[in-house]
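Working through the structure, step by step
Given next are the chains, with one letter for each unit.
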Amino acid sequence: MNFLEERIIKDGIVKPGNVLKVDSFLNHQIDVELMDMMGAEFKKRFYGKNITKILTIESSGIGIACITARYFHVPVVFAKKTQTVVQDDDKYSADVESFTHKCTNHVFVSKKYIQPEDHILIIDDFLAHGQAAFGLMEIIKKAGATLEGIGICIEKGFQNGGKQLRDTGVQLESLAIVESMNDQTGEIVFRK
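Let me begin by describing the structure that accompanies this report.

Criteria and thresholds
- Residues numbered from 1 in each chain as written.
- Predicted model: local features only at pLDDT ≥ 70, side-chain atom pairs only at ≥ 80, totals over all residues.
- Heavy atoms only, no water.
- Salt bridge = Lys/Arg side-chain N within 4 Å of Asp/Glu carboxyl O.
- Helix = DSSP H or I, 4+ residues; strand = E, 2+ residues; numbered from the N terminus.
- Buried < 20%, exposed > 50% of the residue type's maximum accessible area, 1.4 Å probe, protein only.
- Pairing = 2+ DSSP bridges.
- Axes fitted to C-alpha atoms, helices over the stretch in contact; angles between N-to-C directions.
- Contact = heavy atoms within 4.5 Å.
- Core = buried A, V, L, I, M, F, W, Y, C linked by side-chain atoms within 4.5 Å.
- Phe/Tyr/Trp six-rings, centres within 6.5 Å; stacked < 30°, edge-to-face > 60°.
- Lys NZ or Arg CZ within 6 Å of the ring centre and 35° of its normal.

Here the structure, examined in full by the defined rule, presents 15 salt bridges. One salt bridge connects Arg-166 with Glu-155, and the closest N-O pair in it is separated by 2.9 Å. One end of the pair, Arg-166, is in helix α5 (residues 161-167); the other, Glu-155, is in strand β8 (residues 146-156), with 11 residues separating them in the sequence. Glu-155 gets classed as buried once you look at its relative accessible area, which sits at 2%. Note that Asp-167 and Lys-163 form a salt bridge whose closest N and O atoms lie 2.8 Å from each other. Note that Asp-167 and Lys-163 are positioned in helix α5 at a spacing of four residues, about one turn of the helix. Across the pair, exposure class does not vary: Asp-167 and Lys-163 are exposed alike. A single salt-bridge network, built from bridges that share partners, covers Arg-7, Lys-10, Asp-11 and Asp-31.

Structure representation (structure tokens):
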């Protein structure tokens, strides 16, 4: 069992509806030392890739994306969900359905932050059905940039997102893959 799986067993809470609550260390309160270990692991798994930017989606992916970016010495770009008055209209966008929030978000990235010469690593906290990753892949394609891979903290292996992404040929690295979980017993089983 790896360090992230151990932490999920210790502090993760299984909720009805296939929800794994890890907000005590990953996406509400953040354990920075754990994040640092995950960033180092992503650097190992994508070693040798010519990564120029890390791309994520607001808001839960920003923390792990920033820590990972330290290891690659590159900036983080995150797809925004809401337009502000200072945002320009020259942007790449995609529609992303959220498993957790049960809604569709129209996300976007300013064209000045992703260029055709960029080599991008997508980093996110969770992977369920893969909609966030596919939306970010669409933005990368629209920009004419190169996708180098996708790094995920926790993948729900019993849902179809990981399989669909792997079927595209992209290098997908998940630090913990949950094979099954039971909201009655709290049991979490990881993929071997």
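Following the structure, the description resumes.
Another point: the sheet that holds β8. Pairing in this open sheet of six strands is mixed, and the strands run β4-β3-β7-β8-β9-β10 from one edge to the other. With one partner strand each, in any of the chains shown, β4 (76-79) and β10 (188-190) form the two edges of the open sheet. Sheet twist, expressed as the mean angle between neighbouring strand axes with direction ignored, is 30°. Here three bridges tie strand β3 (residues 53-57) to strand β7 (residues 119-127), and the two strands are oriented parallel to one another. Directly across from Lys-53, in β7, lies its bridge partner Ile-120. Helix-sheet contacts for helix α4 (residues 131-143) involve β3, β4, β7 and β8, and the interaxial angle to β7 is about 165°.

Let's shift gears to the nonpolar core. Counting residues in each nonpolar core, the largest one holds 30 residues, and the members touching the most others are Leu-4, Ile-8, Leu-20, Met-38, Ile-54 and Ile-154. Broken down by secondary-structure element, the contributors of at least two residues to this core are α1 (3-11), α2 (32-45), α3 (62-72), β7, β8, β9 (172-181) and β10. If you tally residues by element for this core, the top one is α3, at five residues. Beyond its immediate sequence surroundings of up to four residues, Leu-20 is in contact with Ile-8, Gly-12, Ile-13, Val-14, Phe-126, Ile-154, Lys-156, Val-178, Met-181 and Ile-188. With 26 residues, the next largest nonpolar core counts Val-107, Leu-136, Ala-143 and Ile-152 among its residues.

Centre distance and the angle of the planes are the two values used to describe a pair of aromatic rings. If you walk through the whole model with that rule in mind, you get zero aromatic pairs. The side chain of Arg-70 reaches across the aromatic face of Tyr-71, ending 5.6 Å from its centre. The ring of Phe-108 carries Lys-91 above its face, with NZ or CZ at 4.8 Å from the centroid.

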